[in-house]
Amino acid sequence: MASCYVWQNGDYGVPKKIPKSLAVPLYNVSRRLGLQPIWCYQSAVLSNWIRKDPNRPVELDNLEQLMPTPGGRDGKIFMLLSVQVEADFAKAIKPLLLSLQYSSEQNVESLIEQLVSITEVVKNMKHSMHRLHEINPSVFYNNVRPYMKGWDKSNHGLPSIVYEGVSESPIECLGGSAAQSSTIQSLDALLGIRHEDGKQQYLDDMRSYMYNGHRTFIEDIQRASTVREFVVSSSSNELKEAYNNCTKAVSDFRSYHLQIATRYVLIPFRKGNKGRTNLTGTGGTDLMIFLKGTRSSTMDHVI
């Protein structure tokens, strides 16, 4: 409701304040959950779905939103497909944790088995994303994406927002972003993938938009993982191949995300903004540079 209030007239006539009736409950509930006070990935995706049939799996055709998303059917598919991708990733949690154990124990065969399992999960996540092509790019760009924006210094000079009844000073918040999901960041942490030119810092900052448990999960993996070090020191070509295939699968997933961003954001942006080249993502980054950069740095970790 707060995001719809702020962006109801687009970039023109953006209010300076969120009314107390919205600002106070939004701020307090967000703080209780360890989140930033804005419509983010956790509230738009992770906490906004139910299964139509509780006996069937978590997949797009069996999902419904608790609260509707702007954009009608297209907005609903976009958000619920993200839920399915998250459910796909759940199958990687056990092999991910076992990978931490087996790399610590220097158990080559068992680590290979877990890396192969994780690779298949990432491929399935990418396959699930193919249904995004059911969404109309124009509807997504004009009716869904505007409400995902934040209010911060990266947003074309638009003002930060005062949360009436909370603080007299404006509060800056980045908008919703896939970087606020713990899935790919968990895989980066396991595989020892780090990004350059401020991109890693941005991903680290995005963790403040995650639930506490998700944020801690990534940080614990990052501290505990010796997977890359063990693979580099190992004489096993099979282990190196398994690690590389897993890393390439993560890179392929990022490549597909880049394709989606091109079709649903970059092309509509160019149609409506002739002469402008700086495309800012809803999460505040230079979108295409960020996505290309994280894909490239992922591949740089292939051994």
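Along each chain, numbering runs from 1 in the same order as the chain's sequence is written. This being a predicted model, a pLDDT of at least 70 is required before a residue's local features are given, and a value of 80 or more before pairs of side-chain atoms are given or counted; all residues contribute to the totals for chains, interfaces and linings. The basis for every side-chain value is the complete set of heavy atoms in the structure, and neither hydrogens nor water enter the calculation.

This part takes up the overall build of the protein chain. A tally of helices and strands in the protein chain yields 13 helices and four strands. A compact globule built from 303 residues would reach a C-alpha radius of gyration of about 19 Å, and the protein chain, at 20 Å, matches this within 12%. With respect to the principal axes defined by its C-alpha atoms, the protein chain has extents near 65 × 45 × 40 Å. For each residue, the accessible area found with a 1.4 Å probe, counting protein chains only, is set against the maximum for its type, and the residue is called buried under 20%, exposed over 50%, and partly exposed in between. Here the protein chain, with 303 residues, has 51% of them falling under the buried criterion. We call two residues in contact whenever any of their non-hydrogen atoms come within 4.5 Å of each other. Within the protein chain, contacts between residues separated by at least 24 positions form 71% of all contacts whose residues are at least 6 apart in sequence. Starting at the N terminus, helices and strands are each numbered in turn, a helix being any DSSP run of H or I of at least four residues and a strand any DSSP run of E of at least two. C-alpha atoms define the radius of gyration, and 2.2 Å times the number of residues to the power 0.38 defines the globule rule.

Further remarks concern the packing of helix α8 (residues 182–191) against helix α12 (residues 237–272). Only C-alpha atoms enter the line fits that serve as axes; for helices the fit covers just the stretch in contact. Angles between N-to-C directions range over 0 to 180 degrees. Contact geometry of α8 with α12 gives a least axis separation of 11 Å together with a crossing angle of 150 degrees. As judged from the angle between their axes, α8 and α12 are roughly antiparallel. α12 is crossed by α8, and the crossing has left-handed handedness. Two secondary-structure elements touch here, α8 through I184, L187, D188 and L191 and α12 through Y243, C246, T247, V250, F253 and R254. Residue composition of the contact of α8 with α12, by class: seven nonpolar, one polar and two charged. Under this scheme an angle from 65 to 115 degrees is roughly perpendicular, one under 35 degrees roughly parallel, and one over 145 degrees roughly antiparallel; angles in between are oblique. Here a crossing is called left-handed whenever its near helix is offset anticlockwise from the far helix by less than a right angle, and right-handed whenever the offset is clockwise. Classes in brief: Ala, Val, Leu, Ile, Met, Phe, Trp, Tyr, Cys and Pro nonpolar; Asp, Glu, Lys and Arg charged; the others, Gly included, polar.

Among the structural elements, H195 can be located in the loop between α8 and α9 (199–206). Engagement of the side chain of H195 in a polar contact is seen with the side chain of S297, the distance being 2.4 Å. Contacts of H195, omitting those with residues within four sequence positions, involve D188, Q200, L203, R254, T294, S297 and T298. Throughout this description, a polar contact denotes any pair of N or O atoms lying within 3.5 Å of each other; where both atoms belong to protein, one of them has to be capable of donating a hydrogen while the other can accept it, and for residues adjacent in sequence the pair is counted only when both atoms sit in side chains.

Counted as salt bridges are all cases of a side-chain nitrogen of Lys or Arg within 4 Å of a carboxyl oxygen of Asp or Glu. All told, the structure shown has 10 salt bridges when counted by the stated rule. Measuring nitrogen to oxygen at the nearest pair gives 2.5 Å for the salt bridge that ties R223 to D220. One end of the pair is R223 and the other is D220, both in helix α10 (residues 212–224) and three residues apart, which spans about a single turn. Residues joined by salt bridges that share partners form a network here, namely D61, R73, R131 and E134.

Turning next to the layout of surface pockets. Looking at the largest pocket, its volume works out to about 710 Å³. Detection works on a 1 Å grid of protein atoms alone, calling trapped sets that fit a 1.4 Å probe cavities and calling open sets with protein on both sides within 12 Å along at least five of seven lines pockets, with lining residues defined by an atom within 4 Å of a point. Along its surface, the largest pocket is lined by 24 residues, and M1, A2, L26, W39 and S43 are the ones closest to its centre. Secondary-structure elements contributing two or more residues to the lining of the largest pocket are α1 (2–7) and α2 (20–33). For the lining of the largest pocket, the element with the most residues is α2, which contributes six residues. Class assignment of the residues belonging to the lining of the largest pocket gives a composition of 18 nonpolar, six polar and no charged. Grid points are joined across faces, edges and corners, and a volume is the space filled by probe spheres set on the points.

Nothing here speaks to function; it is geometry throughout.
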